Amino acid sequence: MYVSGVGGIIVETEAYGNDDAASHSFGGPTERCSAMFGSPGTSYLYRSYGIHWCYNVVCRPGTAVLIRAIEPEKQLDTMRKRRGTDNVKLLCSGPGRICQALQLDGSLNGKAIWDVPFEFHLGKDIVEIANGVRIGISKATETPWRYGLAGSKFLSRRF
């Protein structure tokens, strides 16, 4: 995942469905989550606790995948400046960190992932995927819809 050439390999995600009590779409469309009811490939950005932006991609109307961690790959110096750290493990290991490092904010809410400034590429390798319960939520905490690149040192939290 790249935004204006800055980014890397997605190594951790969490899924949210419209019948999922932890999902913003659970109660139906609202002004805040209207992008989540867009077409597949729509970007859904929201503020977490009014502080950090979080980036999601709509899979089908009312469902989305939160991008939780990225292995930084391109323009690390730009990410370091934006994040204020030289620790490569802390550049994109968490949804808020990703948005700060890649300069994602509400202005991109509702934008399609195939439009500028986004760039997504399929991986070339077959990888081992770990999965477990989602983190950082208080509802439907038992749902095992958190996925990550097994053994990655760039996860927001180990499985």
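Just so it is clear, the structure is predicted and the values come from calculations on it, not from any experiment.

(A) Structural detail: helix H2 (residues 95–102). With six of eight residues buried, H2 lies mostly within the body of the structure. Among the residues of H2, Pro95, Gly96, Ile98, Cys99, Ala101 and Leu102 are the ones counted as buried. The elements touched by buried residues of H2 are strand S1 (2–3), strand S2 (6–16), strand S3 (43–48), strand S4 (52–60), strand S5 (63–74) and helix H1 (76–83). Gln103 lies just past H2 and shows a positive phi near 55 degrees.

(B) Representation of the environment of Cys99. Here Cys99 is to be found in helix H2. For the pair Cys99 and Arg82, spaced 17 residues apart in the sequence, the C-alpha separation amounts to 9.9 Å. Once residues lying within four places of it in the same chain are set aside, the contact partners of Cys99 are Leu45, Trp53, Cys54, Tyr55 and Leu104.

(C) Geometry of the packing of aromatic side chains. Under the definition given, this model contains three aromatic pairs. Every member of this aromatic cluster is reached through a ring pair, and the members are Tyr55, Phe118 and Phe120. The ring centre of Tyr2 lies 5.1 Å from the NZ or CZ of Lys74, which sits over that ring. Residue placement shows Arg146 over the ring face of Phe159; its charged tip is 3.9 Å from the ring centre.

(D) Region of interest: the pattern of salt bridges. Following the criterion strictly, the structure yields five salt bridges and no others. The closest approach of N and O atoms between Arg68 and Glu14, which form a salt bridge, is 3.8 Å. Here Glu14 lies in strand S2 and Arg68 lies in strand S5, a separation of 54 residues in the sequence. The exposure class assigned to Arg68 is buried, which follows from its relative accessible area of 10%. Note on Glu14: relative accessible area 0%, which makes it buried. We note a salt bridge from Asp77 to Arg80, for which the minimum N-O separation is 3.1 Å. Residue Asp77 and its partner Arg80 are located together in helix H1, separated by three residues, close to a single helical turn. Look at Arg80 and you get partly exposed, because its relative accessible area is 24%. What emerges from the salt-bridge pattern is a single network uniting Glu12, Glu14, Arg68 and Arg146.

(E) Just the environment of Arg157, in detail. Tracing the backbone shows Arg157 in the segment after strand S8 (146–149). The sequence separation of Arg157 and Trp114 amounts to 43 residues, and the corresponding C-alpha distance is 29 Å. Sequence-distant contacts of Arg157, that is, excluding residues within four places in its chain, are made with Glu12, Ile135 and Arg146.

(F) Examining unusual backbone geometry more closely. Following Val116, the chain continues to Pro117 via a peptide bond in cis, the omega torsion being 15 degrees. Relative to the helices and strands, Pro117 resides in the loop between H2 and strand S6 (118–119). Residue Ser4 is not a glycine yet carries a positive backbone phi of 50 degrees. Take Ser4: it is sitting in the loop between S1 and S2.

Calculation rules
Residues numbered from 1 in each chain as written. Predicted model: local features only at pLDDT ≥ 70, side-chain atom pairs only at ≥ 80, totals over all residues. Heavy atoms only, no water. Buried < 20%, exposed > 50% of the residue type's maximum accessible area, 1.4 Å probe, protein only. Helix = DSSP H or I, 4+ residues; strand = E, 2+ residues; numbered from the N terminus. Contact = heavy atoms within 4.5 Å. Phe/Tyr/Trp six-rings, centres within 6.5 Å; stacked < 30°, edge-to-face > 60°. Lys NZ or Arg CZ within 6 Å of the ring centre and 35° of its normal. Salt bridge = Lys/Arg side-chain N within 4 Å of Asp/Glu carboxyl O.

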